[in-house]
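Per-entry structural report
As a plain string of letters, each chain reads:
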Amino acid sequence: MPDIGDRVHFKMPFDDTERAGTVQAVRDSGILKIKGDDGIRYLRHPKGLTNHV
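Residues numbered from 1 in each chain as written. Predicted model: local features only at pLDDT ≥ 70, side-chain atom pairs only at ≥ 80, totals over all residues. Heavy atoms only, no water.

Considering the overall build of the protein chain
Note the threshold: Numbering of helices and strands runs from the N terminus; a helix is a DSSP stretch of H or I covering at least four residues, while a strand is a stretch of E covering at least two. Only C-alpha atoms enter the radius of gyration, while the globule expectation follows 2.2 Å times N to the 0.38, with N the number of residues. Per-residue accessibility, obtained with a 1.4 Å probe over protein chains only, is compared with the maximum for each type, and a residue is labelled buried under 20%, exposed over 50%, and partly exposed between these values. Every residue pair with non-hydrogen atoms within 4.5 Å of one another is taken to be in contact. Counting rule for charge: Lys and Arg are taken as positive, Asp and Glu as negative, and neither His nor the chain ends is counted. A charge is said to be at NZ when it belongs to Lys, at CZ for Arg, at CG for Asp and at CD for Glu.
Helix and strand content of the protein chain: zero helices and five strands. The linear arrangement of helices and strands in the protein chain, starting from the amino end, is β-β-β-β-β. Here the protein chain has a C-alpha radius of gyration of 10 Å; the compact-globule value for 53 residues is 10 Å, and the two agree. If you line up the protein chain on its principal axes, its C-alpha atoms span 25 × 25 × 20 Å. With 53 residues in all, the protein chain has 25% of them scored as buried. Restricting the contact set of the protein chain to residue pairs at least 6 apart, pairs at least 24 apart contribute 32%. Between the mean site of the 9 positive side-chain charges and the mean site of the 8 negative ones, the protein chain shows a separation of 4 Å.

Some details on the environment of Thr17
Put simply, the rule reads: Side-chain atoms alone can form a polar contact between residues adjacent in sequence; in general such a contact is a pair of N or O atoms within 3.5 Å, and within protein one must be able to donate a hydrogen while the other accepts it.
Summarising the element assignment, Thr17 is placed in the loop between strand S1 (7-11) and strand S2 (18-26). For the pair Thr17 and Pro2, spaced 15 residues apart in sequence, the C-alpha separation works out to 20 Å. Aside from chain neighbours lying at most four places away, what touches Thr17 is Phe10, Lys11 and Met12. Engagement of the side chain of Thr17 in a polar contact is seen with the side chain of Arg19, the distance being 3.5 Å.

Any functional reading would require information that these geometric values do not contain.
The structure is reproduced here in structure tokens:
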């Protein structure tokens, strides 16, 4: 699981488009709050999640 402030890449659940963003929060339930160029997303265990340094 990434930490707050990590830059990550992931795939959107509905169309598998690749996105990138910065982790803003990690909840105990496994939901990540990711701030990307196109807004804030709340995702539970997103597919294709990779850390990018």
